[in-house]
There are 2 protein chains.
Amino acid sequence: MTANNSLNARGETPATPWVPADGPVSDADVATIDLWWRTANYMSVGQIYLKDNPLLRETLTRDHVKPRLVGHWGTTPGLTFIYAHLNRAIARRLQPTMYIIGPGHGGPGLVAASFLDGTYTSTYNSISNDEAGLKRLFTQFSFPGGIPSHVAPETPGSIHEGGELGYALSHAYGAAFDNPDLLVAAVVGDGEAETGPLATSWHSNKFIDPATDGVVLPILHLNGYKIANPTVLARIPEEELVALMTGYGHKPYVFTAGFDDEDHLSIHRRFATMLDEALDEIARIKAEAATNPDMDRPAWPMIVMRTPKGWTCPPEIDGKRTENSWRAHQVPLASARDTDAHLKVLEGWLQSYRPEELFDEAGAPRPEVTALTPPGDLRMSATPHANGGLLLRDLVLPDFREYGVDVPTPGATIAEATRVLGGWLEAVMAANLDNFRVFAPDELASNRIQAVLDVTDKSWNNGLDSDDEHLGKRGQVVEMLSEHQCQGWLEGYLLTGRHGLFTSYEAFIHIVDSMFNQHAKWLKVSRELPWRRPIGSLNYLLSSHVWRQDHNGFSHQDPGFIDHVVNKKAEVVRVYLPPDANTLLSVYDHCLRSRDYVNVVVAGKQPQASWLTMDEAIDHCTRGAGIWEFASNVPAGEEPDVVLAACGDVPTLEVLAAIDILRQELPDLKVRMVNVVDLMRLQPEEEHPHGMSDREFDQLFTTDKPIIFAYHGYPWLIHRLTYRRNGHANLHVRGYIEEGTTTTPFDMAMLNKMDRFFLVRKVIERVPGLASRAALLSQKLEDQRMAARRYARATGEDPVEIRDWTWPDARGLADAGAVSATAATGGDNE
Amino acid sequence: MTANNSLNARGETPATPWVPADGPVSDADVATIDLWWRTANYMSVGQIYLKDNPLLRETLTRDHVKPRLVGHWGTTPGLTFIYAHLNRAIARRLQPTMYIIGPGHGGPGLVAASFLDGTYTSTYNSISNDEAGLKRLFTQFSFPGGIPSHVAPETPGSIHEGGELGYALSHAYGAAFDNPDLLVAAVVGDGEAETGPLATSWHSNKFIDPATDGVVLPILHLNGYKIANPTVLARIPEEELVALMTGYGHKPYVFTAGFDDEDHLSIHRRFATMLDEALDEIARIKAEAATNPDMDRPAWPMIVMRTPKGWTCPPEIDGKRTENSWRAHQVPLASARDTDAHLKVLEGWLQSYRPEELFDEAGAPRPEVTALTPPGDLRMSATPHANGGLLLRDLVLPDFREYGVDVPTPGATIAEATRVLGGWLEAVMAANLDNFRVFAPDELASNRIQAVLDVTDKSWNNGLDSDDEHLGKRGQVVEMLSEHQCQGWLEGYLLTGRHGLFTSYEAFIHIVDSMFNQHAKWLKVSRELPWRRPIGSLNYLLSSHVWRQDHNGFSHQDPGFIDHVVNKKAEVVRVYLPPDANTLLSVYDHCLRSRDYVNVVVAGKQPQASWLTMDEAIDHCTRGAGIWEFASNVPAGEEPDVVLAACGDVPTLEVLAAIDILRQELPDLKVRMVNVVDLMRLQPEEEHPHGMSDREFDQLFTTDKPIIFAYHGYPWLIHRLTYRRNGHANLHVRGYIEEGTTTTPFDMAMLNKMDRFFLVRKVIERVPGLASRAALLSQKLEDQRMAARRYARATGEDPVEIRDWTWPDARGLADAGAVSATAATGGDNE
């Protein structure tokens, strides 16, 4: 049903994918592969060491060698070897293919490959296809003002930096989802294979529909060594390795080369033949999938490629084994410039590739080197899938206003915000079934957006039971109990030009802190590259948040992901804390329309009062922060005695309840209520694009009146965002202070001193002249707090007047039964 | 060589471990196991639902049921089943054993078990061994003011909360290291098994020495479902599952029960027999290891236990399958109190365990229930290993002062700080070979503390190659390319009463942000429990830091772990940024002596000038922050015109270089230099135990003079720590602002505007009256910056006057060759 071969989308004639080989590997192909491989390896060594004399047309001198030698050789020849062979397979089969490189520190190999494809020159004109271009290409590598040493956003054909190891397969599968014609060849380094995220990502094959998704071909590159140690998988007995891959659901093809004196042409022939077998097996599976919807999950091919680390570098340097050793990991000849002897070793190494056979007079690669380069967009360095913005189609977004809750008066409607969002997401899903996915670590239903399952299944190709619900081979919801997998899949999906969101428990999104870092860095650099088109934003929906861990308690309480996120570049990150259902809808519509951001949305899933009508919600979210008139007893233009501010759903509830107490107890006190939805509004305008001007800030918060600010997360973040503001000296923030347990909602607020009684006491303390007048009130409030705590500890529940509190204007309505619970509670698993 | 059976340490007669079974499973044992299991299950259901009538001696009424039903039933009966069988094995073999529960949400089962062991009552006297105690035990579960729903620090016998899933096996192996007599039975939930950290932690068996380490027995509990989905491993074909476990290096024992009408006694007999086989196989391996140092890595037994989720709960509720369904995950009868029909279901469920057979008149468990409870410390809930402080021996710490570098004058000695630390760590390691370990994700040598390998190996039981260095079956350094494994192992090692450190690249320590959260929360709660003894601190050594990513660039730059850490409870976290080698030694000695903290130490590995003599370093680190007189040209008691402050090694270098410029260009300007080693000193004293008083802060930083602060990390953290200080309005902070690439050291500082020239320009801008006088200077400095950038971009190197800059007093010495590089550089892999 989704023949959305991306080549079609660009108006080009699509290649026919999944064609079997038309015969054995020819001698000519083998020769071309070897020429190409030698060229790419020569160019990789050149990038690491040389700043001049790129074709060795003069005797190598120290001046030709870079003064600071940085980069990584060890993994590179393996990466170029695979590239060479994939080129042949693509050229022969016209198979759309992308290449994901787990060991991204092999950057020089991929730069060389894209130069040989012609893509590098067309992307960066100054790197011309001649000796001068080659010199610039060599010099710029890992050089100040040049390019990074890794497979970075700057590298054409890449969506995966591989600087932080572990995500090659999750990115690859993310790219393969809903791309039925796409082959994703993914190299897994044997160091990377030791990481947790990689170790579980092999299981991604249980979430692939052979008919409607693409195919990932994992290539486990066992080169034996990490920085300074052997690798686990290179040293386990081969029968254990084969069992492991079989256990992961794969059919392993094992290849070993480079450890003896076997001729390179023979090696190439063996690998090309084996790769043909693996691709033919894939073709067979795809053909069966096209006609047999009931086929069992296939054992997809994977390749184990065992070659020496640093393959083709000098076997020994200074009497120490270098090729096939951890010593080849980085720069095997760090002293190349220091001694004549070492300079000779480098020259000999470069000459071993016989550059005179590889480049023509002008310094361009000879045509026989690139004879197997695939045409046009089939070149892996030119695939539009790796510049996802080229393929991005806008989501068809139904009008979210039709999915909101009716709020006749503030507080009169009870709703579970995420469940309301789920209703709209169902419609979004229905309208975008081939380019929108939702990822969750077994928390979709717990976070209450499971309405999407009414229009799509959860993808599951791992056996069915009669009691199963909403599972199917094809499904746009993907659930696995691994935040790493959810994040990696979504990143791969977005980077290849689609849309999606990731919903998680707030506390455990920290599991992907480091992955978020890498994605934010990727976006930051991509925005600076004019040829990289904007991609869909990475949208988080964090629920089951810190204030409502009734089932799970302290271990599930952590609002610090926001703190983590705001350290990244301001142009990339956005943080929203909608206080109710309608604001959540408005915020999320905005997020799904945006590009190149990371949007963090924290929202409640528990039944809670709604405060704003849909129109009010839209206005409020558009402003990002504003005065709530209904809760203020002083006109907007007039100075209040105190500002009560809230950011987050529970803080908003407690602030409103505090204002209710103030109205009863201190009716003359002029109170302004400010709500913040878009946290970045608090920053200075020069720090963040959403930041408000000092004038706006002063108008909202005053410059001299006490501000009592109830915040969802760690309180000091508010100080960090506002310390330059005029009113900052008057700001008192309450938030989460790592006090928590499995308890009632209100007891939790009390534990952290963010409850209504405490907030009112802070008002009394801070408003000048009030303290003496209200000493008795303050005592009464503290008594009420203690009574509420005693009640909770005696009964297990919050006092009914607290649990059922709502805004005064809604109380009559509530009594008349107009407070509508939009859904039953308690039955949801968490 | 380490017969440090912990029972010995407590002066008790040790049990004889690793004894094979003395015969088949008896009928009496089977009957006892079943009685115990029924009791533990009854008590688990009771904890989730009941607040009264604990023995059902009256008809159950709604008032007996808790008003808010929270907790998790689904995993619990499996956990109690295993506990019952382990009890028998321990009682029969007198095998020291601890129990790690991956699915920690099965808390009620473990509380019940420790009550049946008698441990709960001896730990918490009010939970008496009678009906009144049982009522209190039931009521307190997951109740305000009571105990958490998970296996928490409050649970006797636990070191693993299991709230965040994924670390059961890494904790188990951490406990097993250097505990040769200890069996660690570790339950892995099938949901947990999908996480990345768990998926790689199976490979821990390659790092175990059968002779000198304990044994981990993994029990993969396949109960089929997560919160709302089937699990991956429960649904793959059994041959794939067996292949997977075989591939992980295990010998799987597969057990299935509960899906048909097999009698429970028969089930118990089968499991007990199989457990005996597995333990006998372990005994055989241990016996061989004791006599054969050359034995190959054994295939350690592991158990696959396939039982229904929520086993023994009602098969159906309201016509929906409940037992053996995801519906049993949490509270299967959430409506127990709502309808009479559901109340009857609950009562029938409780009665199905026949409580009258389980408890005596007084309400204590009958003696026949606990007939197989092991004696004394052999009870899993009473093992001292799970209260590691009981076993903790102080480290023997050699005098670090003897390992420092000689600093005749500030800047006159070049040293690589972490390499100097490594010299001392070698001596620490030599003196503590059975209770000190260093963990690293393949970064030990890269971070340059590899001197420890001169006295111990890296543990490696996975085959050797002739070229291997420092690998051995037994080794106190453990390297695997998984930060999750390093963190989990170290946590397990510390929680069982030993010492250690974890060295990582600074950027990638974010990979364990979430694990750090859980450990910090564990420590916070443990400190509040008087029966939990203090344990060794969790010590990080973060190097290859943000400012020196010459090889790797932007993806490897992130100093935000500090920001993450300081959100946790102040009494638990400490952060140090020693500026040179001697201060690093002093700081680390302090860390290794401390208890119950998380100590984060960020230190450089590159050659850099040393500033302080050892005595000065000790004084400075004792104060945590102070004035550096040698770099100030105004006496401490006198007011300066400007304060230049630094925290971190590169910031210190740049600040000193800036002061050098100021001395030349503006010799009349009165400059004070402040260095901060202990970051928490900046916080108010009421916020952190290390926080300095306002008076101290004012004395260091003044209240009204400009402060130019160069900080290692994100600059806003300094504002967040100091916003309440008097001088805060005058504070200008420079730090890392997400600008970076693979570049030269000084270019990196310039990219982030933390370089000497920029700092001086800030001084000119901020000191009143200086701007006009120094406009020309400011322009000259900017010209120097630009020239340095141009130079780097042309040559790949920093200008020599910048690269080789050192403090004026040291220049003559440097010229005379007295600047000593302590080690060659460039050859280290990174």
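As the structure is a computational prediction, the values presented were derived from the model and not from experiment.

Residue and element names in this part refer to chain B. At a minimum axis separation of 6 Å, helix α7 (residues 168-176) and helix α14 (residues 483-495) run at an interaxial angle of 50°. Classed by the angle they form, the pair α7 and α14 counts as oblique. For the crossing formed where α7 meets α14, the hand is right-handed. For the pair α7 and α14, contact is made by Ser 170, His 171, Tyr 173, Gly 174 and Ala 175 and by His 484, Gln 485, Gly 488, Trp 489, Glu 491, Gly 492 and Tyr 493, respectively. Here the residues of the contact of α7 with α14 sort into four nonpolar, seven polar and one charged.

Turning our attention to the packing of helix α23 (residues 756-766) of chain A against helix α25 (residues 775-795) of chain A. Residues and elements named next belong to chain A. At a minimum axis separation of 9 Å, α23 and α25 run at an interaxial angle of 165°. Accordingly, the angle class assigned to the pair α23 and α25 is roughly antiparallel. Once α23 is placed against α25, the crossing between them reads as left-handed. Between α23, through Phe 757, Phe 758, Val 760, Arg 761 and Ile 764, and α25, the contact on the second element is made entirely by Leu 777, Ser 778, Leu 781, Glu 782, Gln 784 and Arg 785. Its residues placed into classes, the contact of α23 with α25 shows six nonpolar, two polar and three charged.

Moving on to the pairing of strand β20 (residues 671-676) of chain B. Residue and element names in this part refer to chain B. By the criterion of burial, β20 is predominantly enclosed, with six of the six residues buried. Note that strand β18 (residues 625-627) and β20 share three bridges and pair antiparallel. Bridge assignment links Gly 626 to a residue of β20, and that residue is Asn 675. Two elements, strand β19 (residues 642-647) and β20, share five bridges in a ladder whose sense is parallel. What sits directly across from Ala 645, in β20, is Val 674. The β-α-β motif built from β19, the intervening helix α19 (residues 649-665) and the parallel element β20 has right-handed crossover chirality.

Facing the 127 residues of chain B at the interface are 127 residues of chain A. A salt bridge links Lys568(A) to Glu738(B), with the nearest nitrogen and oxygen atoms 3.0 Å apart. When residues of the side of chain B that touches chain A are traced back to their parent elements, those giving at least two are α8 (196-201), α9 (232-235), α10 (238-247), α15 (513-527), α16 (561-565), α21 (716-722), α22 (745-751) and α25 (775-795) of chain B.

What follows concerns the nonpolar core. Ranked by size, the top nonpolar core spans 416 residues in total, and within it Leu679(A) and Leu679(B) carry the most contacts. Not counting residues up to four positions away in its chain, the partners in contact with Leu679(B) are Ile562(B), Val575(B), Leu577(B), Cys647(B), Tyr711(B), Leu717(B), Ile718(B) and Leu721(B). Residues Ala609(A), Phe746(A), Ile764(A) and Leu777(A) belong to the second largest nonpolar core, which totals 50 residues.

Attention now moves to the relation of the copies chain B and chain A. Laying chain B over chain A is done by rotating through 180° and shifting 0.0 Å along the axis; what remains is an RMSD of 0.0 Å. On this basis, the relationship between the two copies can be described by a two-fold rotation axis. Residue Gly196(B) of chain B places its C-alpha closer to the rotation axis than any other residue of that unit, at 2.0 Å. Comparing contact sets, 100% of the residues at the interface of chain B also lie at the interface in chain A, consistent with an isologous, same-surface contact.

Our next topic: the confidence of the model for chain A. Detailed reading of the predicted coordinates is not advisable wherever pLDDT falls low. Residues and elements named next belong to chain A. Taken over all residues, the pLDDT of chain A has a mean of 94, while the share at 70 or more is 96%. Counted against residues more than four places away or in other chains, residues 1-13, with its pLDDT under 50, gives 28 contacts. A low-confidence stretch, residues 815-830 (pLDDT under 50), is modelled with 42 contacts involving residues beyond four sequence positions or located in other chains. Across the assembled chains, the prediction reports ipTM 0.96 with pTM 0.97.

Turning our eyes to something else, we now look at the side chain of Glu347(B). Looking at where Glu347(B) falls in the secondary structure, it is placed in helix α12 (residues 340-351). Those residues in contact with Glu347(B) that lie beyond four places of it in its chain are Leu56(B), Glu58(B), Thr59(B) and Leu60(B).

Here we take up unusual backbone geometry. For Asp442(A), which is not glycine, the phi dihedral falls at a positive 70°. Within the element layout of this structure, Asp442(A) appears in the loop between β9 (436-440) and β10 (458-459). You will see that Leu56(B), though not glycine, has its phi angle at about 55°, which is positive. Residue position: Leu56(B) is located in the loop between α2 (27-49) and α3 (76-93).

The next subject is the sheet that holds strand β5 (residues 300-306) of chain A. Residue and element names in this part refer to chain A. Reading across the sheet, the five strands line up as β1-β2-β3-β5-β4 and stay open at both edges, with parallel pairing between neighbours. Because the sheet does not close on itself, it has two edges, and the strands there are β1 (97-101) and β4 (250-256). When strand polarity is set aside, the average angle formed by the axes of neighbouring strands in this sheet is 20°. Bridge count between strand β2 (residues 183-189) and strand β3 (residues 215-222): seven bridges; the pairing is parallel. In the strand pairing of β3, Gly 189 is matched with His 221. Here helix α3 (residues 76-93) sits on the sheet and contacts β1, β2, β3, β4 and β5; the angle it forms with β1, its principal contact strand, is near 170°.

Moving on, we come to α14(B). Count 3.6 residues to each turn of an α-helix, and residues three or four apart come out pointing the same way. Between the first and last C-alpha of α14(B) there are 18 Å, a value that for 13 residues agrees with the 18 Å anticipated at 1.5 Å per step. Among the residues trailing α14(B), Gly497(B) stands out with phi positive, at a value near 95°.

Turning our eyes to something else, we now look at the sheet that holds strand β22 (residues 731-734) of chain B. Residues and elements named next belong to chain B. With mixed pairing, the five strands of this open sheet are ordered in space as β18-β20-β19-β21-β22. Looking at the sheet topology across the chains shown, the edges are occupied by β18 and β22. With direction set aside, neighbouring strand axes in the sheet form an average angle of 20°. Where α19 meets the sheet, its contacts fall on β19, β20 and β21 (707-711), and the angle it forms with β19 comes to roughly 155°.

Attention shifts here to the environment of Ala84(A). Residue and element names in this part refer to chain A. Here Ala 84 shows up in helix α3. A residue is classified by how much of its surface remains accessible, and Ala 84, at 3% relative accessible area, is buried. With sequence-adjacent residues up to four places away left out, Ala 84 is seen in contact with Ile 33 and Trp 36.

In the structure shown here, the tally under the stated rule is 116 salt bridges over all chains. Between Arg297(A) and Glu240(B) there is a salt bridge, and its shortest N-O distance comes to 3.2 Å. Of this pair, Arg297(A) sits in the loop between α11 (264-291) and β5 while Glu240(B) sits in helix α10, on two different chains. Glu654(B) serves as the salt-bridge partner of Arg756(B), at 2.9 Å between the closest nitrogen and oxygen. Of this pair, Arg756(B) sits in helix α23 (residues 756-766) while Glu654(B) sits in helix α19, and the two are 102 residues apart along the sequence. Here the residues in one salt-bridge network are Asp29(A), Arg88(A), Arg92(A), Arg93(A), Asp276(A) and Asp280(A), joined through shared partners.

Inspection of the entire model under this criterion finds 69 aromatic pairs over all chains. Here the aromatic rings of Phe81(A) and Phe271(A) are separated by 5.1 Å at their centres, their planes lie at 75°, and the arrangement is edge-to-face. Pair noted here: Phe81(A) is in helix α3 and Phe271(A) is in helix α11, with a separation of 190 residues, a long-range link. Considered together, Phe81(A) and Phe271(A) belong to a single accessibility category, that of buried residues. On the numbers, 5.9 Å between centres and 85° between planes, the contact of Phe746(B) with Phe757(B) is edge-to-face. One end of the pair, Phe746(B), is in helix α22; the other, Phe757(B), is in helix α23, with eleven residues separating them in the sequence. Judged by its relative accessible area of 2%, Phe746(B) falls in the buried class. An aromatic cluster is built from Phe177(A), Phe207(A), Phe439(A), Trp460(A), Trp489(A) and Tyr493(A), whose rings are joined through pairwise contacts. Over the ring of Phe554(A) we find Lys524(B), and its NZ or CZ is 5.2 Å from the ring centre.

Before going further, it helps to examine the environment of Asn461(B). Residues and elements named next belong to chain B. By the secondary structure assignment, Asn 461 is in the loop between β10 (458-459) and β11 (471-472). Judged by its relative accessible area of 4%, Asn 461 falls in the buried class. Separated by 414 residues in the primary sequence, Asn 461 and Gln 47 place their C-alpha atoms 44 Å from one another. If sequence neighbours within four positions are ignored, Asn 461 has contacts with Lys 206, Ile 208, Pro 210, Arg 297 and Lys 473.

What counts and what doesn't
- For every chain, the first residue of the written sequence is number 1, and numbering continues from 1 along that sequence.
- By the order in which they are written, chains take letters starting at A while ligands take numbers starting at 1.
- At least 70 in pLDDT is required for a residue's local features to be given in this predicted model, at least 80 for side-chain atom pairs to be given and counted, and no such filter applies to totals for whole chains, interfaces and linings, which use all residues.
- Side-chain measures here rest on the full set of heavy atoms in the structure, leaving out hydrogens and waters.
- An axis is simply a line fitted to the C-alpha atoms; with a helix, the fit covers only the stretch in contact. Between two such axes, the angle follows the N-to-C directions and lies from 0 to 180 degrees.
- Put simply, DSSP H or I for four residues or longer makes a helix, DSSP E for two residues or longer makes a strand, and each gets a number counted from the N terminus.
- For classification purposes, angles smaller than 35 degrees are called roughly parallel, those larger than 145 roughly antiparallel, those between 65 and 115 roughly perpendicular, and all remaining angles oblique.
- Left-handed describes a crossing in which the near helix is turned anticlockwise from the far one by less than a right angle; the clockwise case is right-handed.
- The criterion used for residue contact is that any of the two residues' heavy atoms lie within 4.5 Å.
- Just so you know the grouping, Ala, Val, Leu, Ile, Met, Phe, Trp, Tyr, Cys and Pro go in nonpolar, Asp, Glu, Lys and Arg go in charged, and all remaining residues, Gly too, go in polar.
- When a residue's accessible area, from a 1.4 Å probe over protein chains only, is under 20% of the maximum for its type it is buried; when over 50% it is exposed; and in between it is partly exposed.
- At least two DSSP bridges between two strands are needed for those strands to be called paired.
- Clockwise travel from the first strand over the helix to the second, with the strands pointing away from the viewer, marks a crossover as right-handed.
- We define a salt bridge as a contact between a side-chain nitrogen of Lys or Arg and a carboxyl oxygen of Asp or Glu at a distance within 4 Å.
- Residue types Ala, Val, Leu, Ile, Met, Phe, Trp, Tyr and Cys, when buried and joined through side-chain atoms within 4.5 Å, form a set referred to as a nonpolar core.
- Each copy is superposed on the other by least squares, with the fit set by C-alpha atoms of residues at a pLDDT of at least 70 in both.
- What pLDDT reports is the predictor's confidence in each residue, on a scale of 0 through 100.
- Given a helix with a known number of residues, its expected span is that number minus one, times 1.5 Å.
- Paired rings are identified among Phe, Tyr and Trp, the last through its six-membered ring, by centres lying within 6.5 Å, and are further divided according to the angle between planes into stacked (under 30 degrees), edge-to-face (over 60) and tilted (the rest).
- We count a charge as sitting over a ring when the NZ of a lysine or the CZ of an arginine lies within 6 Å of the ring centre and within 35 degrees of the ring normal.

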